[in-house]
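Tertiary structure, described
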Amino acid sequence: MQIDYLEVVALAERLHRQFLDVIQLELDVRGIRDINNVQALILHNVGDAEMTVSELMWRGCYLGSNVYYNLKKLTDTGYIIQQRSAHDKRVMMVRVSEKGAELCDVLRHMNARHVEALSRGTLNSEDIATCRQTLRGLQQFWSRAIDAGAFGGAVRVA
(Lines give C-alpha, C1' and ligand atoms only; values in the text may rest on other atoms or scores of the structure.)
Protein backbone atom coordinates (compact mmCIF):
# COMPACT_ATOMS: atom_id res chain seq x y z
CA MET A 1 0.00 0.00 0.00
CA GLN A 2 2.89 2.39 0.75
CA ILE A 3 4.17 2.21 -2.83
CA ASP A 4 0.67 2.84 -4.21
CA TYR A 5 0.17 5.75 -1.79
CA LEU A 6 3.44 7.41 -2.81
CA GLU A 7 2.69 6.82 -6.47
CA VAL A 8 -0.71 8.51 -6.10
CA VAL A 9 0.98 11.54 -4.50
CA ALA A 10 3.53 11.76 -7.33
CA LEU A 11 0.84 11.19 -9.95
CA ALA A 12 -1.33 13.99 -8.53
CA GLU A 13 1.55 16.43 -8.89
CA ARG A 14 2.36 15.23 -12.43
CA LEU A 15 -1.30 15.54 -13.43
CA HIS A 16 -1.42 19.11 -12.17
CA ARG A 17 1.71 19.97 -14.17
CA GLN A 18 0.31 18.26 -17.27
CA PHE A 19 -2.94 20.17 -16.92
CA LEU A 20 -0.89 23.39 -16.83
CA ASP A 21 0.83 22.20 -20.04
CA VAL A 22 -2.58 21.63 -21.64
CA ILE A 23 -3.64 25.15 -20.66
CA GLN A 24 -0.39 26.54 -22.07
CA LEU A 25 -1.01 24.74 -25.35
CA GLU A 26 -4.50 26.29 -25.51
CA LEU A 27 -3.00 29.73 -24.91
CA ASP A 28 -0.28 29.14 -27.54
CA VAL A 29 -2.75 27.93 -30.18
CA ARG A 30 -4.77 31.11 -29.67
CA GLY A 31 -1.71 33.37 -29.69
CA ILE A 32 -2.33 34.57 -26.13
CA ARG A 33 1.06 35.73 -24.88
CA ASP A 34 0.21 38.21 -22.12
CA ILE A 35 -0.75 35.54 -19.59
CA ASN A 36 0.85 32.28 -18.52
CA ASN A 37 -0.75 28.94 -17.71
CA VAL A 38 -0.72 29.42 -13.92
CA GLN A 39 -2.33 32.83 -14.28
CA ALA A 40 -4.94 31.37 -16.64
CA LEU A 41 -5.76 28.67 -14.07
CA ILE A 42 -6.10 31.31 -11.34
CA LEU A 43 -8.41 33.27 -13.64
CA HIS A 44 -10.44 30.12 -14.30
CA ASN A 45 -10.71 29.48 -10.55
CA VAL A 46 -12.11 32.97 -10.02
CA GLY A 47 -14.60 32.38 -12.83
CA ASP A 48 -17.92 34.14 -12.38
CA ALA A 49 -17.39 34.79 -8.68
CA GLU A 50 -16.13 37.78 -6.77
CA MET A 51 -13.90 36.68 -3.92
CA THR A 52 -11.16 37.67 -1.55
CA VAL A 53 -7.56 36.72 -2.18
CA SER A 54 -7.80 34.35 0.81
CA GLU A 55 -10.78 32.58 -0.75
CA LEU A 56 -8.83 32.22 -3.98
CA MET A 57 -5.87 30.67 -2.13
CA TRP A 58 -8.26 28.27 -0.40
CA ARG A 59 -9.83 27.25 -3.75
CA GLY A 60 -6.55 26.57 -5.52
CA CYS A 61 -3.15 25.26 -4.63
CA TYR A 62 -1.30 28.56 -4.55
CA LEU A 63 1.19 30.04 -2.15
CA GLY A 64 0.31 33.51 -0.92
CA SER A 65 3.26 35.29 -2.52
CA ASN A 66 2.57 33.57 -5.85
CA VAL A 67 -1.10 34.57 -5.76
CA TYR A 68 -0.28 38.21 -5.05
CA TYR A 69 2.34 38.30 -7.82
CA ASN A 70 0.05 36.62 -10.35
CA LEU A 71 -2.96 38.76 -9.41
CA LYS A 72 -0.84 41.86 -9.97
CA LYS A 73 0.12 40.55 -13.41
CA LEU A 74 -3.50 39.63 -14.19
CA THR A 75 -4.61 43.10 -13.12
CA ASP A 76 -1.85 44.81 -15.13
CA THR A 77 -2.84 42.86 -18.27
CA GLY A 78 -6.55 43.58 -17.78
CA TYR A 79 -7.84 40.09 -16.96
CA ILE A 80 -8.71 40.77 -13.30
CA ILE A 81 -10.28 43.70 -11.50
CA GLN A 82 -9.22 44.24 -7.90
CA GLN A 83 -10.98 46.57 -5.50
CA ARG A 84 -11.27 47.05 -1.78
CA SER A 85 -14.24 45.45 -0.06
CA ALA A 86 -17.08 47.84 0.68
CA HIS A 87 -17.44 46.20 4.10
CA ASP A 88 -13.77 45.96 5.12
CA LYS A 89 -11.24 48.27 3.45
CA ARG A 90 -8.40 45.92 4.46
CA VAL A 91 -9.77 43.17 2.21
CA MET A 92 -9.14 43.09 -1.54
CA MET A 93 -11.87 41.61 -3.71
CA VAL A 94 -11.05 40.14 -7.13
CA ARG A 95 -13.25 39.40 -10.12
CA VAL A 96 -12.64 38.81 -13.80
CA SER A 97 -12.88 41.65 -16.27
CA GLU A 98 -14.59 41.38 -19.65
CA LYS A 99 -11.25 40.32 -21.15
CA GLY A 100 -10.88 37.76 -18.35
CA ALA A 101 -14.40 36.43 -18.93
CA GLU A 102 -13.56 35.82 -22.59
CA LEU A 103 -10.54 33.72 -21.61
CA CYS A 104 -12.61 31.88 -18.98
CA ASP A 105 -15.02 30.94 -21.79
CA VAL A 106 -12.08 29.61 -23.83
CA LEU A 107 -11.00 27.46 -20.88
CA ARG A 108 -14.57 26.24 -20.25
CA HIS A 109 -14.83 25.19 -23.91
CA MET A 110 -11.45 23.46 -23.65
CA ASN A 111 -12.66 21.51 -20.62
CA ALA A 112 -15.92 20.65 -22.39
CA ARG A 113 -13.91 19.27 -25.33
CA HIS A 114 -11.89 17.16 -22.92
CA VAL A 115 -15.00 15.80 -21.20
CA GLU A 116 -16.49 14.92 -24.59
CA ALA A 117 -13.27 13.18 -25.65
CA LEU A 118 -13.10 11.29 -22.35
CA SER A 119 -16.66 10.05 -22.79
CA ARG A 120 -15.63 8.50 -26.11
CA GLY A 121 -12.48 6.96 -24.61
CA THR A 122 -11.64 4.41 -21.99
CA LEU A 123 -12.75 6.48 -18.99
CA ASN A 124 -16.43 6.83 -18.19
CA SER A 125 -18.26 9.11 -15.79
CA GLU A 126 -18.17 6.48 -13.02
CA ASP A 127 -14.36 6.25 -13.32
CA ILE A 128 -14.04 10.02 -13.01
CA ALA A 129 -16.47 10.09 -10.06
CA THR A 130 -14.51 7.34 -8.28
CA CYS A 131 -11.25 9.17 -8.89
CA ARG A 132 -12.73 12.42 -7.57
CA GLN A 133 -14.08 10.66 -4.49
CA THR A 134 -10.71 9.01 -3.80
CA LEU A 135 -8.77 12.25 -4.21
CA ARG A 136 -11.30 14.08 -2.02
CA GLY A 137 -10.75 11.39 0.65
CA LEU A 138 -6.98 11.95 0.50
CA GLN A 139 -7.50 15.70 0.75
CA GLN A 140 -9.64 15.26 3.86
CA PHE A 141 -7.10 12.83 5.37
CA TRP A 142 -4.26 15.31 4.84
CA SER A 143 -6.37 18.14 6.28
CA ARG A 144 -6.90 16.06 9.42
CA ALA A 145 -3.18 15.24 9.50
CA ILE A 146 -2.32 18.95 9.35
CA ASP A 147 -4.85 19.75 12.07
CA ALA A 148 -3.58 16.91 14.25
CA GLY A 149 0.02 18.01 13.75
CA ALA A 150 -0.82 21.58 14.62
CA PHE A 151 -2.35 20.42 17.90
CA GLY A 152 0.19 17.68 18.64
CA GLY A 153 -2.28 14.82 18.15
CA ALA A 154 -2.52 11.70 16.04
CA VAL A 155 -4.38 11.52 12.75
CA ARG A 156 -7.86 10.02 12.93
CA VAL A 157 -8.75 7.60 10.15
CA ALA A 158 -12.52 8.21 10.48
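Look up a bit, the structure's there.
This write-up is about the structure you can find in this document. As the structure is a computational prediction, the values presented were derived from the model and not from experiment.

1. Focus on the environment of Glu 98
Relative to the assigned elements, Glu 98 resides in helix H5 (residues 98-119). Between the alpha carbons of Glu 98 and Tyr 79 there is a distance of 7.4 Å; along the sequence they are 19 residues apart.

2. Brief notes about the side chain of Asn 70
Inspection of the secondary structure puts Asn 70 in helix H4 (residues 64-76). The exposure class of Asn 70 is buried, given its relative accessible area of 7%. Excluding its chain neighbours within four sequence positions, the residues that come into contact with Asn 70 are Asn 36, Val 38, Gln 39 and Ile 42.

3. A short note on the nonpolar core
Nonpolar side chains tend to gather and get buried jointly when the protein is soluble and globular. Among the nonpolar cores identified, the biggest contains 26 residues, and Ile 35, Leu 43, Leu 56, Leu 71, Ile 80 and Leu 103 are the most heavily contacted of them. Those elements giving two or more residues to this core turn out to be helix H1 (2-29), helix H2 (37-46), helix H3 (53-59), H4, strand E3 (92-96) and H5. If sequence neighbours within four positions are ignored, Leu 56 has contacts with Ile 42, Asn 45, Val 46, Met 51, Tyr 62, Val 67 and Leu 71.

4. Comments concerning the sheet that holds strand E2 (residues 80-84)
Spatial ordering of the open sheet is given by E1-E3-E2, a layout of 3 strands whose pairing is antiparallel. Only two strands of the sheet have a single neighbouring strand rather than two, namely strand E1 (51-52) and E2. Looking at chain direction, E1 and E3 are connected through 2 bridges and run antiparallel. Its bridge partner being in E3, Met 51 is matched across the sheet by Val 94. Contacting E1, E2 and E3, H2 runs over the sheet at an angle of about 95° to E3.

Thresholds, definitions, all that
Residues numbered from 1 in each chain as written. Predicted model: local features only at pLDDT ≥ 70, side-chain atom pairs only at ≥ 80, totals over all residues. Heavy atoms only, no water. Helix = DSSP H or I, 4+ residues; strand = E, 2+ residues; numbered from the N terminus. Buried < 20%, exposed > 50% of the residue type's maximum accessible area, 1.4 Å probe, protein only. Contact = heavy atoms within 4.5 Å. Core = buried A, V, L, I, M, F, W, Y, C linked by side-chain atoms within 4.5 Å. Pairing = 2+ DSSP bridges. Axes fitted to C-alpha atoms, helices over the stretch in contact; angles between N-to-C directions.

So, to be careful, I would describe these as geometric facts and stop short of saying anything about function.
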